[in-house]
Amino acid sequence: MSIAQRIAAKRAEKARNFVDVEDWGEGDTPLRLYFTEVSARDIEKVQRKYKDFLTNPSMSAMVEMIIAKCEQENGDPAFTLEDKPILLGETVSTIATVFGAVFNANSVEDHEKN
């Protein structure tokens, strides 16, 4: 096994993280979104459209990262690009909370400790 193959295998073993979004839940149950850590590939994809993403992320860029990374519990995408206008209508604090969780991910084990 090459070094790159070993790296890829280790990445595949990592657990998904999650964020509970109160504003998007039903009743008293928040919406739980799952995601994997942000990779260099994820950043490259967003930076193609938003050149200064790392130094000055716009709300549109944050929403696109949320769309790219967030999944439902079963692993299906939580959002598509068609959902972008709806997400851009959400509060800045909600988008910032979800983006912050995705971009600064802790493991599920870390979340469960807190």
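Going by the structure above, here's the rest.
Residues numbered from 1 in each chain as written. Predicted model: local features only at pLDDT ≥ 70, side-chain atom pairs only at ≥ 80, totals over all residues. Heavy atoms only, no water.

### What to know about the packing of aromatic side chains
Any pair of aromatic rings gets described here by the distance separating the centres and the angle formed by the planes. Heads up, the condition is: Side-chain rings of Phe, Tyr and Trp (the six-membered ring for Trp) are treated as a pair once their centres are within 6.5 Å; stacked means planes under 30 degrees apart, edge-to-face means over 60, and tilted covers the remaining angles. Secondary structure follows DSSP: runs of H or I at least 4 residues long count as helices, runs of E at least 2 residues long count as strands, and numbering of each begins at the N terminus. Partly exposed describes any residue whose relative accessible area lies between the buried limit of under 20% and the exposed limit of over 50%, with all areas from a 1.4 Å probe on protein chains only and scaled to the type maximum.
One pass over the full model with this rule turns up 5 aromatic pairs. Centroid distance Phe53 to Phe99: 6.1 Å. Interplanar angle 85°. Geometry classified as edge-to-face. Of this pair, Phe53 sits in the loop between helix H2 (40–49) and helix H3 (59–69) while Phe99 sits in helix H5 (residues 92–103), placing them 46 residues apart in sequence. In terms of burial, Phe53 and Phe99 fall into one category: buried. Among the aromatic residues, those joined into a cluster by ring pairs are Phe53, Phe99 and Phe103.

### Focus on the pattern of salt bridges
The following threshold applies: We define a salt bridge as a contact between a side-chain nitrogen of Lys or Arg and a carboxyl oxygen of Asp or Glu at a distance within 4 Å.
Under the defined criterion, the tally for this structure stands at 5 salt bridges. Notably, a salt bridge pairs Glu71 with Arg16, separated by 2.8 Å at the nearest N-O pair. Here Glu71, found in the loop between H3 and helix H4 (84–88), pairs with Arg16, found in the loop between helix H1 (3–13) and strand E1 (17–26); they are 55 residues apart in sequence, far enough to count as distant. The partly exposed category is assigned to Arg16, whose relative accessible area is 23%.

Read these as spatial facts, not as claims about activity.
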